[in-house]
Amino acid sequence: MPRIRQNIVTGEWVVVAPERAKRPEEFNKRPFSAALLHDQECFFCVGGSAWNERLDRVGSKNIYVIPNKFPAFTKETNIEETGHDFFSDNSAEGVHEVIILSNPNDALNKISSKNLADLLQVMRDRTRFYQQDVSIRSFTPIYNHGLGSGASVNHPHAQFFGNNLVPPRLLNEFMGSEQYFHHQRNCVFCDLLTFELKENSRVVFKNDGAVAVTAYAPRFPFETWIIPTDHLSTFAGASDKTLKQVAEALRSIMKQFDQKLSNPPLNWFIHTSRSFDYHQKMTYHWHLEITPRLSTYGGYELATDMTIETVMPEIAARFLKS
């Protein structure tokens, strides 16, 4: 029977209707994988045009960073300001960078935990750097993997966004976390971890520093959250040790997706507060979300902003661990 489930953080509702789909293992027989066609000329490889534009003293031995050639947000000061009596129209101020893994063989389904930790540490360091800019109100490190995820370049890379507004989904998480704290006097993500570990029906990986669970109210089949066990509102404050543990969890999930779902296209991204707000330090908890792109939105989703999912997260967890 279809169920309606609520995201305990944002308050959003989803419909879970497993009768509308085939069994989870059928996702392993899809006619495509995440693989992109290899570029005849790789701009991101060492020695390529992107390599020659890398930021000085930014990145690591295995990772370099460049400004995005076509940024969604920019710090340019000569942007023409326009105004309207009815609509809002403001400059998209901020930063947009590309974080590139030097080794072209470090695809997300093959990369080691060590190199994933290195990537997370570079993302964290860029967040720390831009926290000094008070005009940037939110940070969103992301990774697009494969066809159907938004990726257009085969060479493994991530992106870093910082902009002058708080995006609606992140704002909903902030507001939901604060509301939960007001009633329960505790962090909703910490309580979620306690509940998930006790119930153990959606846990797909755990170590001393991170827990991975299939989302209770998913927007995508096999949506998975990786939540650090230590309460911390900002990704910028994460220690190297914590990031290594999160990387271990992420590597385990990527391996399960590769083996069980034939290396699907997916996105993963980090949700974090800016941490300057005292209340957010208590109420919010940074985390990483993984969204495999195994389905497309139909008319109902577009009309209502309410998704219909066809894989129960408990079944998804059992399938991934089997």
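Right above here is the structure, for reference.
Reading guide: rules and limits
Residues numbered from 1 in each chain as written. Predicted model: local features only at pLDDT ≥ 70, side-chain atom pairs only at ≥ 80, totals over all residues. Heavy atoms only, no water. Core = buried A, V, L, I, M, F, W, Y, C linked by side-chain atoms within 4.5 Å. Buried < 20%, exposed > 50% of the residue type's maximum accessible area, 1.4 Å probe, protein only. Helix = DSSP H or I, 4+ residues; strand = E, 2+ residues; numbered from the N terminus. Contact = heavy atoms within 4.5 Å. Lys, Arg positive; Asp, Glu negative; His and termini not counted. Salt bridge = Lys/Arg side-chain N within 4 Å of Asp/Glu carboxyl O. Polar contact = N/O pair within 3.5 Å; in protein donor to acceptor, adjacent residues only side chain to side chain. Pairing = 2+ DSSP bridges. Axes fitted to C-alpha atoms, helices over the stretch in contact; angles between N-to-C directions. Parallel < 35°, antiparallel > 145°, perpendicular 65-115°, else oblique. Nonpolar A, V, L, I, M, F, W, Y, C, P; charged D, E, K, R; others polar. Expected span 1.5 Å × (residues − 1). Phe/Tyr/Trp six-rings, centres within 6.5 Å; stacked < 30°, edge-to-face > 60°. Lys NZ or Arg CZ within 6 Å of the ring centre and 35° of its normal.

Here we look at the nonpolar core
Working step 1: Core analysis: the biggest nonpolar cluster contains 48 residues, and Trp268 and Ile290 have the highest contact counts within it.
Working step 2: Among the elements that line this core, the one with the most residues is helix H4 (residues 240–261), at nine residues.
Working step 3: Not counting residues up to four positions away in its chain, the partners in contact with isoleucine 290 are Phe222, Glu223, Thr224, Ile226, Leu250, Ile253, Met254, Phe257, Leu266, Asn267 and Trp268.
Working step 4: Counting 18 residues, the second-largest nonpolar core is a separate cluster that includes Val9, Leu170, Leu192 and Tyr284.

Observations regarding the environment of alanine 316
Working step 1: Mapping alanine 316 onto the fold places it in helix H7 (residues 313–321).
Working step 2: When its relative accessible area of 1% is taken as the criterion, alanine 316 is described as buried.
Working step 3: Between the C-alpha atoms of alanine 316 and threonine 224, which are 92 residues apart in sequence, the distance is 9.7 Å.
Working step 4: Those residues in contact with alanine 316 that sit more than four places away from it in its chain are Thr214, Phe222 and Val311.

Structural notes on the side chain of glutamate 223
Working step 1: You can see glutamate 223 is positioned in the loop between strand S8 (210–214) and strand S9 (224–228).
Working step 2: Although glutamate 223 lies buried, it forms no salt bridge, and the closest oppositely charged side chain, arginine 219, sits 4.1 Å away as judged by the N-O distance.
Working step 3: Polar contacts involving the side chain of glutamate 223 include one to the side chain of tryptophan 225, which spans 3.0 Å.
Working step 4: Ignoring any residue separated from it by four or fewer positions in sequence, one finds glutamate 223 in contact with Val213, Thr214, Ala215, Pro218, Glu289, Ile290, Thr291 and Pro292.

A short note on the sheet that holds strand S10 (residues 266–271)
Working step 1: Taken together, nine strands build an open sheet; the order of strands is S3-S4-S6-S5-S10-S11-S9-S8-S7 and the sheet is antiparallel. The open sheet terminates on both sides in strands that have one partner only, identified here as strand S3 (63–67) and strand S7 (203–206). Shown here is a sheet whose adjacent strand axes are inclined to one another by a mean of 20 degrees, direction ignored.
Working step 2: Where S9 and strand S11 (residues 287–292) come together, three bridges link them in antiparallel fashion. From the neighbouring strand, tryptophan 225 faces S11, where its bridge partner is glutamate 289.
Working step 3: Each of S3, strand S4 (94–101), strand S5 (138–145), strand S6 (157–163), S10 and S11 is contacted by helix H1 (residues 113–130), which is oriented at about 160 degrees to S4, the strand it contacts most.

Some remarks on the pattern of salt bridges
Working step 1: Following the criterion strictly, the structure yields eleven salt bridges and no others.
Working step 2: Residues glutamate 12 and arginine 169 are paired through a salt bridge, measuring 2.5 Å at the closest nitrogen-oxygen approach. Taken as a pair, glutamate 12 in the loop between strand S1 (3–6) and strand S2 (13–16) and arginine 169 in helix H2 (residues 168–184) lie far apart in primary sequence, 157 residues in all.
Working step 3: Of the residues examined, arginine 169 reaches a relative accessible area of 17% and is grouped as buried.
Working step 4: Among the ionic pairs, arginine 128 bridges to aspartate 125, the shortest N-O distance being 4.0 Å. Here the residue arginine 128 and the residue aspartate 125 both occupy positions in helix H1, the gap between them amounting to three residues, near one helical turn.
Working step 5: Judged by relative accessible area, aspartate 125 falls into the partly exposed class, the value being 34%.
Working step 6: By sharing partners, the salt bridges in this structure join Arg5, Glu196, Glu199, Arg202 and Glu314 into a single network.

Focus: the pairing of S3
Working step 1: In terms of burial, S3 is a largely internal element, four of the five residues being buried.
Working step 2: In this structure, S3 lies alongside S4, joined through five bridges in antiparallel fashion. From the neighbouring strand, isoleucine 66 faces S4, where its bridge partner is valine 98.

Brief notes about the pairing of S11
Working step 1: When you tally the buried positions in S11, you get six out of six residues, the bulk of the element.
Working step 2: Because side chains alternate across S11, one face comprises the buried residues His287, Glu289 and Thr291, and the other comprises Leu288, Ile290 and Pro292, equally buried.

Here's the deal with the packing of H2 against helix H3 (residues 188–199)
Working step 1: One way to put it is that H2 packs onto H3 with a least axis distance of 9 Å and a crossing angle of 75 degrees. Classified by the angle their axes make, H2 and H3 are roughly perpendicular. Contacts between H2 and H3 involve Glu173, Ser177 and Tyr180 from the former and Val188, Phe189 and Asp191 from the latter.
Working step 2: Within the contact of H2 with H3, the residues separate by chemical class into three nonpolar, one polar and two charged.

Points about H1
Working step 1: For H1, built from 18 residues, the straight-helix expectation of 26 Å at 1.5 Å per residue is met to within 8% by its first-to-last C-alpha distance of 26 Å.
Working step 2: Within H1, 13 of the 18 residues are buried, which leaves it mostly tucked inside the rest of the structure.

Comments concerning the packing of aromatic side chains
Working step 1: By the definition in use, this model includes twelve aromatic pairs.
Working step 2: Arranged with centres 6.4 Å apart and planes meeting at 45 degrees, the rings of phenylalanine 189 and tryptophan 225 form a pair that is tilted. Of this pair, phenylalanine 189 sits in helix H3 while tryptophan 225 sits in strand S9, and the two are 36 residues apart along the sequence. Exposure class is identical for phenylalanine 189 and tryptophan 225. Each is buried.
Working step 3: Ring centres of phenylalanine 222 and phenylalanine 319 lie 6.0 Å apart, and the angle between their planes is 55 degrees; on these two criteria the pair is classed as tilted. Of the two residues, phenylalanine 222 sits in the loop between S8 and S9 while phenylalanine 319 sits in helix H7, which places them 97 residues apart along the sequence.
Working step 4: Since its relative accessible area comes to 13%, phenylalanine 319 is described here as buried.
Working step 5: What links up through ring pairs into an aromatic cluster is the set Phe129, Tyr130, Phe139 and Phe160.
Working step 6: Seen from the ring of phenylalanine 129, arginine 126 lies directly overhead, with NZ or CZ sitting 4.8 Å from the centre.
Working step 7: Above the plane of the ring of phenylalanine 319 lies lysine 260, whose end atom (NZ or CZ) is 5.6 Å from the centre.

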